[in-house]
Every structure is written in C-alpha cells, then in structure tokens.
Amino acid sequence: MSGEPVLDIRGLSVDYGLGDAAVHAVRDVSLTLHRGEVLGLAGESGSGKSTLAYGMLRLLPPPGVVRSGQVFYHPGDDEPVELMSLSAKRLRRFRWAEVAIVFQGAMNSLNPVHTVATQLTDVIAAHEPRTTPAARRARAVELLTLVGINADRLGSFPHQLSGGMRQRVMIAMALALEPRVVVMDEPTTALDVVMQRQILAKLVELRERIGFSVLFITHDLSLLVEFSDRIAIMYGGRIVEDAPAGQLYRDSLHPYSDGLLHSFPALRGPRRELTGIPGSPPDLRAMPSGCAFHPRCPKAFDPCAERTPTLLAPDGREDQNRTVACWLHTADRAMT
Amino acid sequence: MSYLLRRIGFYAFTAWAAITINFFLPRAIPGDPVQSLIARAQGQLSTDAIQSLYILFGLDDEQSLVSQYFEYWGQLLSGDLGLSFTFFPSPVSDVIADSLPWTLALVGFTTVISFLLGTALGVVAGWWRGTWADLLMPVTTFLSSIPYFWLGLIAITLFADQGGAFPSSGGYDPGVVPGWDLDFIGSAIHHSLLPAITILITSMSGWVLSMRNMMLTVAAEDYITVAHAKGLSQRRVMVSYAARNALLPNVSAFALSLGLIVGGTLLVEIVFSYPGIGFQLFSAVGAKDYPLIQGIFLIITLSVLVANLVADLVYLLLDPRTRKEG
Ligand SMILES: Nc1ncnc2c1ncn2[C@@H]1O[C@H](COP(=O)(O)OP(=O)(O)O)[C@@H](O)[C@H]1O
Ligand SMILES: [Mg+2]
C-alpha cells in the first residue's frame with residue numbers, strides 16, 4: 001500500500017510564543033504520509049499532535065508559529081509544492097482542494113448561523129467558482145448521501161443535528177473537493193464508542209472507494225491498531241516511534257509505545273493487561289534532559305538522561321521499514 | 001412561536017402596568033395641578049372655568065376612581081392624553097406630535113449611523129487585531145469615557161459661542177418658516193450637526209468596543225479555523241463567518257437602543273436646547289405640567305417596550321438556534 005509520498009514533513013518545529021517565553025510544542029518532526037495510506041498519530045493529550053497538524057497546514061492560532069521545517073506536498077504528476085513558502089493566494093487555493101481537515105472540536109466546526117447546505121457549498125464555490133448553484137447543491141446532496149445522511153438534512157442548522165451527524169457532515173465536507181489527503185484530528189473523541197466505530201468504518205470504506213490518504217490523530221492507540229496502516233507515536237513534541245501498525249502492536253520497541261498499548265483495552269485480539277503509564281506528561285516549559293520520557297521509563301539507563309536519542313532504524317531490524325528514538329534500540333550507531 | 005407569544009404577553013402586561021401607574025401617580029402627588037394653574041392665571045378664572053378644568057384634567061372629585069380609570073383608558077385609546085398646562089389649551093398629543101419628529105430625526109438618525117459605523121469599525125479592529133488597527137482602541141476607550149454633558153458644553157464653547165460656525169440652541173433659525181423647503185431643511189440640518197456629532201462621538205465607541213470584543217471571542221471558535229482551512233477568502237471568513245456571528249449580541253443591543261431614542265436624549269436636548277421630546281420633558285418638569293409629563297412618560301415606556309419586542313424578533317430572525325426553542 002505504501003507507494004510514493006503525498007505529504008512529507010521535514011524537521012518541523014512549532015512554538016507557542018516568541019523568544020524565551022516560547023513553548024516548543026513540536027520539535028524537529030519528520031513524518032511521511034504515503035499515497036492511499038492511513039497513517040495514525042498517537043500520543044497522550046498535550047504531546048503536540050494537533051499542533052503538528054495545524055502547523056503543517058499553516059492554521060496555527062496565535063501565538064503559534066512554525067519556527068523551522070518544510071512540508072512538501074506531492075500532487076502526483078506535478079512538481080512537489082512546499083507549503084511553508086507558499087504565497088497566501090496559492091495557499092488558499094491549496095487548502096481543502098488538496099488537504100482537508102476534520103478538527104478535534106468537530107462538534108463546533110460548523111457555523112451555527114448557516115445551514116448545512118450553505119457550508120457544504122461555499123467551499124465548492126470558493127474553489128470552483130464556475131459551478132452553478134444548482135450543481136453545487138447536487139454535489140452537496142451527493143456528499144451527504146456518501147456519509148449516510150438523508151438529503152432533506154441539507155436545510156438543517158447545525159444545532160438541529162446530533163453529534164454523530166455533525167461529525168459525518170464534517171467528513172462529507174472534507175471530501176467535497178476530492179482532496180488527496182484528509183487529516184482527522186481526534187474526530188470521534190466526543191462520540192460514544194459505537195458511533196466512533198461506525199464513523200471510522202465509514203471512513204475506511206470511503207477511502208477504499210475514493211482513494212485518499214488519511215492522517216488520523218488520536219490519543220486512543222487501540223483505534224489505530226484496528227484502522228491504520230502505519231502508526232507514529234508522539235511524546236513531548238517528538239516522534240518517538242514510527243512503524244507499520246501490525247509490527248507496532250505485536251512488537252513495539254519504545255517503552256512509551258508499550259505503555260500506550262497497555263493504556264487502552266484492545267477491541268480485538270488477545271486481552272492485554274491494562275497498566276497505563278506511571279507519572280504524567282512532561283511540562284513543555286521544563287523538559288527533562290536527554291530523552292524526554294526517561295523519568296517515566298521503566299527501562300531507562302545511563303545515556304537516557306544525558307543525550308536525546310534520534311529517530312533511526314532499530315539495531316538489527318534495518319529491513320523492517322520502521323524507526324524508533326530510543327537508546328535501547330539505536331545505541332550502536334548513535335554512540336559513534 | 002410560543003416563545004414569541006409569551007414575550008408579547010409579557011410586554012402587554014408591562015404596558016398595562018406602566019399605563020396604570022401613569023394613571024395613579026399624579027393622583028398620589030401632593031398638591032393640586034389645577035391650583036397651580038389657577039395661581040398662574042392670577043384670579044382671572046371663574047368658578048365654572050375652574051370646575052371644567054378639573055374635569056378636563058381628569059381630576060374631577062365627583063367621579064369615583066374606578067370610573068376615572070376607565071375613562072382614562074377610553075381617552076388613551078382614542079389618542080387623547082389630556083391638555084397641557086404650559087401650552088393650555090393645546091392637547092398633550094399635539095405638543096408631543098410637535099416635538100417627537102425632532103427627536104426621531106436627530107437621535108434616530110445618529111443612533112443608526114453610530115451603530116453602523118461603530119460596528120463596521122469594530123469588525124475591522126477585531127479582525128486585524130495585532131496590527132495598526134489596535135491604534136484605534138486607546139482612542140475609542142478615551143472617547144467612550146467622556147461624559148456627554150461635558151462634551152456638549154465644550155462643543156458649544158468651541159464651535160457655537162461668539163460667532164462660531166454653529167448655532168448653540170434651537171432646531172432651526174427663528175427667521176425661517178417650518179416647511180418642506182430647502183431653507184428650512186438646510187437650517188434644521190445646520191442646527192442638528194453639532195448635537196449629532198457629539199452624540200456620534202460618545203455613542204459610537206461603545207459599538208466599536210463591544211463589536212471588537214465579540215469578534216475576538218468568535219475568532220477563537222473552531223468554525224472560523226475551519227473556514228480558513230476551507231480556503232475561503234479573508235473577506236468571506238471575516239463577513240460571513242466572524243462578523244455574522246459576532247453581530248448577534250450587538251444587533252439586539254441596537255434594537256434596545258432604538259427604544260432609548262425617545263427617552264435617552266434628555267441630556268443632548270437640554271445642552272443644545274433642542275426642541276425635541278427630551279427638552280419638552282425637561283421644561284414640563286420645571287413647569288409641573290403633569291399631563292405633559294405623563295404623556296411623555298407613556299411614549300417613552302411604550303417605545304422601550306416596542307424596542308424590546310423588535311430585539312426579540314431580530315434575534316429570532318438572525319439566530320437559528322432560538323427559532324425552534326420553547
Ligand atoms: N495556544 C497555545 N498557547 C500555548 N501553548 C499551547 C497552545 N496550544 C497548545 N499549547 C501547548 O502545546 C502542547 C501541545 O498541544 P496539542 O498540540 O493540542 O496537543 P495534543 O493535540 O497532542 O493533545 C500542549 O502542551 C499545550 O499546552
Ligand atoms: Mg489535540
């Protein structure tokens with residue numbers, strides 16, 4: 001499934017605030033989303049997942065700023081575009097048409113004073129100004145049907161819809177311009193488990209039918225194990241492990257990934273003991289030296305407190321298409 | 001809809017209570033308005049004339065309070081507010097009809113302009129926060145803290161007194177005859193400019209500040225980020241997403257302020273001796289002209305109630321969330 005890259009994040013760092021007061025919420029993150037892939041991004045709340053998603057699309061609310069890094073989008077046939085250096089006008093044309101996003105606060109993602117129809121069609125009008133209103137409306141009906149909502153909901157206002165429906169409207173909206181990439185930031189956290197599964201199943205089905213890539217962000221790793229092809233684990237603003245979903249589930253290398261896997265009940269497969277992770281996420285203003293996870297790590301040893309491990313292929317598994325940032329697995333090369 | 005019916009019921013009740021209080025209040029006031037009129041006439045009134053005055057003013061002792069009350073309602077419903085003392089024998093309704101247009105024209109117009117301008121500035125100041133638009137804020141805060149009375153007097157001193165460019169009192173030149181001709185309208189506009197500008201200066205900043213605050217609140221909403229992510233134009237996001245939502249509280253505040261046009265202009269009209277209803281009320285209080293005071297109070301109360309109703313309607317119209325409730 002993993003072919004050429006569609007979205008290539010290189011060394012992205014995001015701060016909140018400037019100068020000494022700045023909080024480094026995302027630190028030198030590199031991550032690649034491939035064509036047709038569902039890439040899961042997991043990590044405890046506050047690890048910087050949303051900041052990464054907002055940052056790469058230049059949607060950070062103030063005081064957020066991208067400090068360094070590049071994000072390449074590969075349109076397939078054309079030259080790749082670098083998002084950080086795109087002009088305002090080109091960025092506006094790029095947004096939604098190429099990468100759409102379903103936000104964490106999807107419950108409040110709809111404007112309360114406009115109907116569903118207005119909000120589905122205005123994005124089409126903005127990007128395809130030559131379409132007629134009737135054609136846009138027809139497309140809106142099509143989109144709603146796609147996510148299993150009756151067309152008579154077109155005239156509804158957001159408050160007249162249930163949480164699950166609003167969520168599906170947002171997914172329909174994300175697909176309106178047939179983007180190559182859909183980013184989903186905890187799209188289902190506000191919903192009950194049954195609804196979560198329904199929506200995710202729908203999403204996977206749509207992806208197979210339409211063919212887009214998904215960056216799926218959640219703090220619930222067990223969801224990802226089920227639905228994604230690859231999983232990246234984030235801790236304290238860094239990616240600490242990046243591996244195919246099956247491998248990560250069966251054979252996680254980073255002690256933090258291991259801890260995360262034991263924090264949620266698995267819905268399929270053998271039951272695991274739920275142990276959780278002792279301690280609490282790091283304070284971004286006062287990050288531990290060395291590996292940010294070392295104060296909570298059951299396997300911490302000498303180098304961990306002193307030097308920050310880099311994300312590398314683990315020792316002896318160079319052929320496995322995975323990386324990890326942990327002294328336990330990258331000691332040989334990082335030492336030299 | 002039942003929400004609206006309940007509101008209408010509530011306003012009807014309030015109107016009834018206000019009218020009833022308006023009936024009882026002068027009857028509870030110690031002293032006798034007719035006596036003061038007689039005193040002013042300096043013994044030139046016959047006993048018959050005095051008795052008919054009592055009847056005219058609805059202060060006839062020979063009638064029971066209840067029948068007076070019903071008679072009062074009957075008069076009200078036929079638009080009869082009694083006779084003014086000061087303009088005797090002009091009916092109160094005529095006096096009000098003479099002064100109300102002045103107030104409506106001056107204050108009504110400036111209230112609308114102030115709202116439109118202030119809101120537009122607030123939208124801009126809120127949307128472009130963190131840029132040059134922030135310079136607007138200290139100025140507006142300063143202007144909003146100026147007491148109106150003081151500003152009015154300063155304006156008169158600077159621009160009207162001692163051969164200044166503007167008249168300091170009245171609604172039009174004594175020389176022109178009121179009528180729909182250029183002379184009169186020009187003179188009326190000339191007289192209204194100074195009061196209008198002072199009202200604008202003090203009232204507009206309120207709209208700017210509240211609209212800017214709402215814009216800042218709304219800017220943090222998820223749907224604004226979504227609108228940006230959708231690649232909509234800045235203009236579309238600012239107007240159709242941010243301002244459209246930020247406007248809701250301001251619009252109902254505006255509807256309420258329409259109700260205060262009639263009542264809230266006392267200060268302006270006193271400072272500029274403007275022949276509107278506020279100035280009329282001021283003089284009526286000085287002259288103990290009870291029927292006129294009563295009549296003006298009634299108009300003020302009713303206009304506030306109507307404005308409240310309008311505010312409810314507007315909110316219902318603008319905010320879909322209120323439509324289905326209740
Ligand atoms: N507006 C902000 N100002 C300052 N710090 C922020 C802001 N938004 C988020 N942060 C910080 O950035 C870190 C990452 O936040 P976020 O990206 O929302 O994490 P996640 O999505 O993984 O839960 C958090 O520690 C949070 O405190
Ligand atoms: Mg988040």
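- Chain B is annotated in an unreviewed UniProt entry as Peptide ABC transporter permease from Actinophytocola xinjiangensis.
- Under the heading Sequence similarities (unreviewed entry), UniProt records this for chain B: "Belongs to the binding-protein-dependent transport system permease family."

- With an unreviewed UniProt entry as reference, chain A is termed Dipeptide/oligopeptide/nickel ABC transporter ATP-binding protein, source organism Actinophytocola xinjiangensis.
- The UniProt entry for chain A carries the following text under Subcellular location (unreviewed entry): "Cell membrane".
- For chain A, the Sequence similarities (unreviewed entry) comment in UniProt is given as "Belongs to the ABC transporter superfamily."

1. Thoughts on the overall build of chain B
Then step 1. The helix and strand tally for chain B stands at 14 helices and 0 strands.
Then step 2. Along the chain direction, N to C, the helices and strands of chain B fall in the order α-α-α-α-α-α-α-α-α-α-α-α-α-α.
Then step 3. Seen through its C-alpha atoms, chain B measures out along the principal axes to roughly 85 × 60 × 35 Å.
Then step 4. Counting across all 326 residues of chain B, residues that qualify as buried make up 43%.
Then step 5. Taking the contacts inside chain B whose residues are at least 6 apart along the sequence as the reference set, 72% of them involve residues at least 24 apart.
Then step 6. Surface accessibility of chain B: about 16,600 Å² in total, with carbon and sulfur atoms responsible for 70%.
Then step 7. Separation between the mean location of the 14 positive side-chain charges and that of the 21 negative ones in chain B comes to 23 Å.

2. Some points on the sheet that holds strand 6 (residues 99-102) of chain A
Residue and element names in this part refer to chain A.
Then step 1. Taken together, the 7 strands give an open sheet; going across it, the order is 6-7-8-3-9-10-11, and neighbouring strands pair in mixed fashion. With partners counted over all chains shown, the strands left at the sheet margins are strand 6 and strand 11 (323-324), one partner each.
Then step 2. As paired strands, strand 7 (residues 181-185) and strand 8 (residues 213-218) are joined by 5 bridges and run parallel to one another. In the strand pairing of strand 8, V181 is matched with S213.
Then step 3. Strands strand 6 and strand 7 of the sheet are contacted by helix 5 (residues 163-174), whose axis makes an angle of about 175° with strand 6.

Rules used throughout
Residues numbered from 1 in each chain as written. Chains lettered and ligands numbered in written order. Predicted model: local features only at pLDDT ≥ 70, side-chain atom pairs only at ≥ 80, totals over all residues. Heavy atoms only, no water. UniProt positions renumbered as here; feature names shortened; annotations may be inferred. Helix = DSSP H or I, 4+ residues; strand = E, 2+ residues; numbered from the N terminus. Buried < 20%, exposed > 50% of the residue type's maximum accessible area, 1.4 Å probe, protein only. Contact = heavy atoms within 4.5 Å. Areas by Shrake-Rupley, 256 points an atom, 1.4 Å probe, with all protein chains shown as cover. Lys, Arg positive; Asp, Glu negative; His and termini not counted. Charge placed at Lys NZ, Arg CZ, Asp CG, Glu CD. Pairing = 2+ DSSP bridges. Axes fitted to C-alpha atoms, helices over the stretch in contact; angles between N-to-C directions.

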